[in-house]
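# Results of the structural survey
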Amino acid sequence: MKDKAKKLLTNKYFLGSVLVTLLYVIYLIIANVSPFGKNSILKTDLYQQYAEFLTYYRECLLGKKSILFSWNLGLGNNFFTTFAYYLVSPFNLLIVFFKRENVYIFVMIVTYLKLVMIFNMAMLYLKKCIKAKDEMSMILAICYTFSSFTICYMLHIMWLDALYMLPIILIMVESYIKDNKIQGVIIAVALNILFNYYFGFITAFFAGCYYVARVIIETKFEKKNLKET
């Protein structure tokens, strides 16, 4: 039991997740967000759009509303397009456990879970593909997790899915380069576009640029080795 506890406490993924937790709590304290202050996490689009959409989505999951059509606007409108853009993230399924008045708690928890995912996926990419040491991987993964982009757009929780999916896509690209297996890339890109097509296409474009750059580097490296031999 002690060996398992010691192994857990020295695990860089676990330690990094704890560090992400502390940094997120510090962020909430600095932002004076409840329960550490008087402000609510539901600001701007989170308040005006996400909260209402998530509340309606919860009712859909509970069988009280239709995910295809809503009567909340005028003579009714197609809700599926709203669902497809805002709500497809698998994390949003957790909304079923939160009542309308507790949506802000859901947002805080989901944001935290996505930050932990971002860190761990970035850490996995750095260790698996870059072969970075544990300490350097942790530092770089933390920098990626709490980049200015993340901080500025944290209120758009749907966009955070792309940040943890991007390292997964790049891992699949590396696998394709080495083993010529394209299935992983297709699945990862498709899931990312499904979760949020807006950033899904952007990360897919980035992955394409990454692939071209890696192929060029690998080709030059092979030519250099041939010359040396």
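Anything mentioned here points back to the structure above.
Below: a short report on this structure. (Residues numbered from 1 in each chain as written. Predicted model: local features only at pLDDT ≥ 70, side-chain atom pairs only at ≥ 80, totals over all residues. Heavy atoms only, no water.)

The tally for this structure, following the rule as stated, stands at 19 aromatic pairs. Ring geometry for Y50 and Y86: centres 5.4 Å apart, planes at 85°, overall edge-to-face. Residue Y50 is located in helix α3 (residues 44-61), and its partner Y86 is located in helix α4 (residues 80-87); the two are separated by 36 residues in the primary sequence. Y86 matches Y50 in its accessibility class, with the two residues each being buried. Relative to F199, the ring of W159 has its centre 4.9 Å away and its plane inclined at 55°; by these criteria the two rings are tilted. Residue W159 is found in the loop between α7 (148-152) and α8 (160-179), and its partner F199 is found in helix α10 (residues 197-228); the two are separated by 40 residues along the sequence. In this structure, W159 and F199 share a single accessibility class: buried. (Phe/Tyr/Trp six-rings, centres within 6.5 Å; stacked < 30°, edge-to-face > 60°. Helix = DSSP H or I, 4+ residues; strand = E, 2+ residues; numbered from the N terminus. Buried < 20%, exposed > 50% of the residue type's maximum accessible area, 1.4 Å probe, protein only.)

Below, the discussion takes up the state of the cysteines. Overall, the coordinates contain zero disulfides when judged by the stated rule. With no disulfide of its own, C152 lies 15 Å from the sulfur of C143, the closest cysteine sulfur. As a non-bridged cysteine, C209 has C129 as the owner of its nearest cysteine sulfur, 17 Å distant. We classify C209 as partly exposed; its relative accessible area is 40%. (Disulfide = S-S within 2.5 Å.)

A surface patch of nonpolar side chains, amounting to about 360 Å² of accessible area, comprises F14, L15, V18, L19 and L22. Along the chain, L15 falls in helix α2 (residues 12-30). (Patch = residues over 30% accessible without salt bridge, like charges linked within 9 Å, V, L, I, M, F, W, Y side chains within 5 Å. Areas by Shrake-Rupley, 256 points an atom, 1.4 Å probe, with all protein chains shown as cover. Salt bridge = Lys/Arg side-chain N within 4 Å of Asp/Glu carboxyl O.)

Once that is clear, we can look at the nonpolar core. I41, L54 and V107 are the most contacted members of the largest nonpolar core, which totals 62 residues. Listing elements by their share of this core, those giving two or more residues are α2, α3, α4, α5 (103-130), α6 (134-145), α8, α9 (183-195) and α10. Residue contributions to this core peak at 15 residues, all from α5. V107 has contacts with I41, L42, L46, L54 and I157, leaving out every residue within four places of it along the chain. (Core = buried A, V, L, I, M, F, W, Y, C linked by side-chain atoms within 4.5 Å. Contact = heavy atoms within 4.5 Å.)

The next subject is the environment of M154. Tracing the chain through its elements places M154 in the loop between α7 and α8. By relative accessible area, which is 4% here, M154 ends up buried. Sequence spacing of M154 and K181 is 27 residues, and the spatial spacing of their C-alpha atoms is 34 Å.

These figures come from the coordinates and say nothing about function on their own.
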